[in-house]
Amino acid sequence: MSRRNQRGTTAEASADRPISLSSDSLAPVDGQTMASSLTTEDKDVERKMKKEQKAKEKAEKKQKAQQKEAARLQAQEVSDGPKRSEKKHKKKDAGNENPRDFLDPFTPDGEKKKLSRQMAKQYQPSSVEKSWYDWWERAGFFSADANSSKPPFVIVLPPPNVTGALHIGHALTAAIQDTIIRWRRMSGYNALWVPGMDHAGIATQVVVEKKLMRESKLTRLDIGRESFMSEVWKWKDQYGGTILTQERRLGASLDWSRECFTMDEKRSKAVTEAFVRLYREGLIYRDNRLVNWDCTLRTAISDIEVESKEIEEETLLKVPGYDTPVKFGVLTSFAYPLEGGSGEIIVATTRIETMLGDTAVAIHSKDERYKHLHGKCAIHPFLGRRLPIICDDKLVDPKFGTGAVKITPAHDADDFEVGRRHRLDFINMFTDDGKINSNGGLFEGMPRFTARVAITEALQAKGLYRGAQKNEMKLGICSRSNDIKEPMIRPQWFLSCGCMKELALDAVESKKIEIIPQQYKQEWDGWVKNIRDWCISRQLWWGHRIPAWYVTLEEDQHQDLGFYNDHWVVARNENEAVLEANQRFSGKNFHISQDPDVLDTWFSSGLFPLSVLGWPDDTADFGAFYPTSVLETGHDILFFWVARMVMLGLKLGGDVPFRKVYLHPMIRDAHGRKMSKSLGNVIDPLEVINGISLEGLHKRLEEGNLDPNEVSIAKEGQKKDFPNGIAECGADALRFALLAYTAQSDKINLDVLRVVGYRQWCNKLWNAVYFSICKLGDQYMPPAIIMGNSMPSVCKWILSVLNKAVAKTILSFESYKFSDATTAVYSWWQFQFCDVFIEAIKPYFFHDSEEFEFARTACRDVLWTCLDTGLRLLHPFMPFVTEELWQRLPQANQSHRKDSIMITDYPSVVEEWTNEEIECDMETVIGTVRKLRSLRPPGLKNERYPAFALGRGHDVAVIVKSYQFQILTLASISSLKILAEEDTPPAGCAMEVVNENLSVYLQLQGVLNAESEREKLTRKREDIQKQYSMLARKMNAQGYKERAPKSIQEEDSKKLTSLLEELRIISKAEEDLDFALDEEK
């Protein structure tokens, strides 16, 4: 599961390289059995951590070498003195560049990054993303203050497993949460993002047991609990927490001063206190109940640790502890003889071995076939046990199978309920390690699946076997051991959820908690309403020891621990337990023993929003930051974790643990398949950030635990998906891509090529800032305020659309629509700033003409304003590149400059910038430019041709005339003549319709393919005719005028008129073209 991650100028020719208007960029047991039964995931955890540690050391060594070389070059330049400097300037004047000017100087760990003299001409993620994080952290930019007067905004990072390494789900979590927290921090909030780590009971114990077996050939039972716990802590200190270090690589601005671990002293105190309080309120109790049992791990396991495998036909599967595969997907029928020899009753089962625990046969009360058997009994053929034939209409479907059902109350959830309803015997027939126990008669000691075969043969020998057939079924498999889940009755500790579930339901219903997206509220209601009491004990050693002691009296007939359910005392420590035992068993001799079991990992993680802030103590953090603001996690643990946090938070903390719950999609590969090592489609976020060759991907497979056949299949998958490996993308591009993908609310089909696209977009962003800094010049000082009245219209326009991008981004953040936010930011930078504004203002900088001096000055001011605002707008998404670029911007007042972009103010709407009229005009201008560019012949893109604009109405002609300079520049045409409505365009023109009031012509005399132009016009007319017909049908449909809002009807009517006018324009163009063709003939 995934829960709980260079200012300076160069040659102007480079700066003026064109930025395309029509962008193609992307839009937004015994030890031996234990060792052999571990999953692939658990087996390679330690090896992967060691590999990552070596890679880290290698990278650090390489970085130190680069820093040493940079320092040497810097020292050499200083020692060369003015002479060297003079030579450098001569080289620069001659058009040569000094490579050292583009090399970042050495930056000591934790200090602010030292930037190169000259800004690199291309974006390099590895260079840009180094050094910033260490400085941010050392400077305290991530820290929140419990005494601050700012409004709090708090997120608790779902604590990842201590055994875990960063996977793509963690990267999505980090990207979303860091974007939220950086935005809130910049928006004036006392933003706290708390990091933590989960002790991961089963996963960690499995890893360390495996290590112990591999290195010492010993099991935990061999070395004892105390020594084993010591080994686990050693492993945790050495390898645990790697994932939190990796979170830094993603730029996660977590408050590391508050980092915690679910088994540290403060969190352990909270767990004990919670257990004691809940027990004393009667909510925690001990009982014999059915649980999911893992026979390899010999512990109860939670539902989330059980993976469901669909079996569609007879299937052989490897099961831990068995030399040969075990058959599943078979429904076996057999007969129970009736008491007194009066016949038989046939039943069927997919788990024939459980018949040893049968205590009844159930039928439907109205089934005529069995009316004569009401009140009768069958006889167990191997054990002689009388099996009453009971009527249970709730369980039995008389139309299914034989209409008779064997009942095994101790090993099946439905049968358990039947057993309670009819007060049947509950006979457990398995030992903890999955062997038949003394209740199994002659099959005692057999492993359960060996007994499956033996019982079938024994039934055949007795003439009671009635055949087998294939049967579709769902098989529960433990995700940690790969063993088949076995339902078994065991004495366990349970938490009653009855009263707490009502609190949780009311919290969501009353809007104290908002679930986003809303589609999950219905699932929440359904699950919480049907929640069962929670089994919170586990038969492990690694975890929070249950604070319960068993009192064994000298006079007790049975001295086994736990035999008498009323002999338990619950206390915060042993001394307190002794005091309570003395009170309850006054005057009696006894000794106490602490329960060897530990608590379910989900119990401590359910307390996490409380415990990370200091509960149960009345701390400053708890007072300032509880309840937290939002919980962000995957929708797969909505019930296992989120619901339990809500219940425990309300019960123990007195309030909901968070105000909102945002559930992100689950990530799959580009083809929609679940990521699996055996398919070779697992995406490691660090490999996307740093890049990796196809050979490197293959090597990772070879170092794993797949068998040779699986490795071969996985390699083929990698060759298909990553033929050239994965390019270095950087953390910023990965973050942005993952956020853009959140529009897919249920599943994300992640295509790495889309991440590569955003890395290329970072380069475009880099080029835009590079150009801008060149145009600003070394001596530029930005003004305190922008005077917008007399600046060029394109400057007014870019500020107005920047306003809209700011408003849309903030609105999207507030509604947790991160994909919409990425679209708003991306679209402004790409399509408006880069593709239009930068291209439109270039002519002002071509020469130092006094004619353009005022416009040049205004353009510089607006250019700087756009860079400063746009980078701050983008920063929460892409923290590294925005910091690097922002640090290179000149500042109006250096004494008041913030040290980092991450602590500047997030942009807000500036009402004075809004100009709807100019936005409307520019929409026409941009449409005109696009249509003119589309008319240019494919092989002659660099040729400039005369253009004509035919406007229908005075207003559109005025707009085109006013923006003639911009249209000439952006469309790369040689001239633009505005035609009156009665004018006829010159011969040899290609034509396009901008809108119903404007059409444009490009004179291609000599290169116009008239036949091709005729076909294009025909296709255009057919497309518009289709739109017209569909809209007309909609408007003429019955009930349209009565049901459609007036605003919609007006909009549709306007659109219909527009389409009709466009059809008229195209028809006229076709006539003109036909006339021209006739003239040529």
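Residues numbered from 1 in each chain as written. Predicted model: local features only at pLDDT ≥ 70, side-chain atom pairs only at ≥ 80, totals over all residues. Heavy atoms only, no water.

1. Regarding the overall build of the protein chain
Tallying secondary structure elements over the protein chain gives 36 helices and 33 strands in all. For the protein chain, the proportion of its 1081 residues judged to be buried stands at 55%. Of the roughly 48100 Å² that the protein chain leaves accessible, carbon and sulfur atoms contribute 48%. (Helix = DSSP H or I, 4+ residues; strand = E, 2+ residues; numbered from the N terminus. Buried < 20%, exposed > 50% of the residue type's maximum accessible area, 1.4 Å probe, protein only. Areas by Shrake-Rupley, 256 points an atom, 1.4 Å probe, with all protein chains shown as cover.)

2. Remarks on the sheet that holds strand β18 (residues 486–495)
Read across the open sheet, the four strands follow the order β6-β5-β18-β20; overall the sheet is antiparallel. Only two strands of the sheet have a single partner each, and these edge strands are β6 (299–301) and β20 (534–535). Bridging between β18 and β20 involves two bridges; their strand directions are antiparallel. By the bridge assignment, L495 is partnered in β20 with W534. (Pairing = 2+ DSSP bridges.)

3. A look at helix α27 (residues 793–814)
Between its terminal C-alpha atoms α27 stretches 32 Å, which fits the 32 Å expected from 22 residues at 1.5 Å a residue. Just beyond α27, the residue with positive phi is Y816, at close to 60°. (Expected span 1.5 Å × (residues − 1).)

4. Some thoughts on the sheet that holds strand β10 (residues 330–337)
Read across the sheet, three strands follow the order β11-β10-β16 without closing on themselves; strand pairing throughout is antiparallel. Strands with a single pairing partner mark the edges of an open sheet, and in this sheet they are β11 (344–349) and β16 (465–470). Averaged over neighbouring strand pairs, the angle between their axes works out to 20° when direction is ignored. Note that β10 and β16 share four bridges and pair antiparallel. Along β16, the bridge assignment pairs F334 with Y465. (Axes fitted to C-alpha atoms, helices over the stretch in contact; angles between N-to-C directions.)

5. As for the nonpolar core
Ranked by size, the top nonpolar core spans 166 residues in total, and within it W797, I798, W829, F833, F837 and F877 carry the most contacts. Of all the elements, helix α26 (residues 752–776) adds the most residues to this core, at 15 residues. Setting aside its immediate chain neighbours within four residues, W829 contacts W761, L765, C834, L867, G870, L871 and L874. Grouped together as the second largest cluster of nonpolar side chains are 66 residues, I531, F603, V612 and F625 included. (Core = buried A, V, L, I, M, F, W, Y, C linked by side-chain atoms within 4.5 Å. Contact = heavy atoms within 4.5 Å.)

6. Re the packing of aromatic side chains
Two descriptors summarise a pair of aromatic rings, namely the distance from one centre to the other and the angle between the planes of the rings. A complete count under the given rule lists 45 aromatic pairs for this structure. Among the aromatic residues, ring-to-ring pairing joins W183, Y662, F736, Y758, W761, F813, Y816, F818, Y826, F831, F877 and Y906 into one connected group. When the ring centre of F261 is taken as reference, the NZ or CZ atom of K236 above it lies at 4.4 Å. Lying over the aromatic face of Y741, R754 brings its terminal NZ or CZ to 4.5 Å of the ring centre. (Phe/Tyr/Trp six-rings, centres within 6.5 Å; stacked < 30°, edge-to-face > 60°. Lys NZ or Arg CZ within 6 Å of the ring centre and 35° of its normal.)

7. Some words on the pattern of salt bridges
Under the criterion given, the structure shown has 57 salt bridges. We note a salt bridge from K269 to D617, for which the minimum N-O separation is 2.9 Å. Placement of the pair is K269 in helix α12 (residues 265–280) and D617 in the loop between α19 (608–611) and α20 (620–625), with a sequence separation of 348 residues. Among the residues examined, K269 registers a relative accessible area of 42% and is labelled partly exposed. For the salt bridge of D595 with R286, the shortest nitrogen-to-oxygen distance reads 3.5 Å. Taken together, the residues D595 in the loop between β24 (590–594) and β25 (598–599) and R286 in strand β5 (residues 284–294) connect sequence positions 309 residues apart. Each member of the pair, D595 as well as R286, carries the same accessibility label: buried. One continuous salt-bridge network, built from bridges that share partners, spans E273, R277, R280, R572, E576 and E580. (Salt bridge = Lys/Arg side-chain N within 4 Å of Asp/Glu carboxyl O.)

8. Regarding the packing of helix α28 (residues 818–841) against helix α33 (residues 964–971)
Packing of α28 against α33 leaves a shortest axis separation of 9 Å and a crossing angle of 110°. By the angle between their axes, α28 is roughly perpendicular relative to α33. Note on packing geometry: the crossing formed by α28 with α33 is right-handed. Within the contact between the two elements, α28 uses D835, V836, E839 and A840 and α33 uses F965, Q966, T969 and L970. Here the contact of α28 with α33 is built from residues that sort into four nonpolar, two polar and two charged. (Parallel < 35°, antiparallel > 145°, perpendicular 65-115°, else oblique. Left-handed = near helix turned anticlockwise from the far one by under 90°. Nonpolar A, V, L, I, M, F, W, Y, C, P; charged D, E, K, R; others polar.)

9. Focus: the confidence of the model for the protein chain
Of the residues in the protein chain, 89% have a pLDDT of 70 or more, and the chain-wide mean is 87. Contacts from residues 1–43, a stretch scored under 50 in pLDDT, to residues over four places away or in other chains number 165 contacts. Here residues 69–94 is a poorly scored stretch, pLDDT under 50, and it has 20 contacts once near neighbours within four places are set aside; other chains count. (pLDDT = per-residue confidence, 0-100.)

10. Examining the side chain of R452
Mapped onto the secondary structure, R452 falls in helix α14 (residues 448–461). The exposure class of R452 is buried, given its relative accessible area of 11%. Among the polar contacts made by the side chain of R452, one reaches the side chain of E353 at a distance of 2.8 Å. When residues no more than four places from it in sequence are discounted, the contact partners of R452 are V326, K327, F328, T350, R351, I352 and E353. (Polar contact = N/O pair within 3.5 Å; in protein donor to acceptor, adjacent residues only side chain to side chain.)

11. Focus: the environment of L316
Looking at where L316 falls in the secondary structure, it is placed in strand β8 (residues 315–317). For L316, a relative accessible area of 57% translates into the label exposed. Sequence separation between L316 and K327 is 11 residues; the distance between their C-alpha atoms is 4.5 Å. Those residues in contact with L316, other than ones at most four positions away along the chain, are P325, V326 and K327.

12. Looking at the packing of helix α7 (residues 168–186) against helix α25 (residues 730–741)
At a minimum axis separation of 9 Å, α7 and α25 run at an interaxial angle of 90°. With respect to their mutual orientation, α7 and α25 come out roughly perpendicular. Here I168, A171, L172, A175, I176, D178, T179 and R182 of α7 lie close against α25, whose contacting residues are L734, R735, L738 and L739. In terms of residue class, the contact of α7 with α25 is built from eight nonpolar, one polar and three charged.

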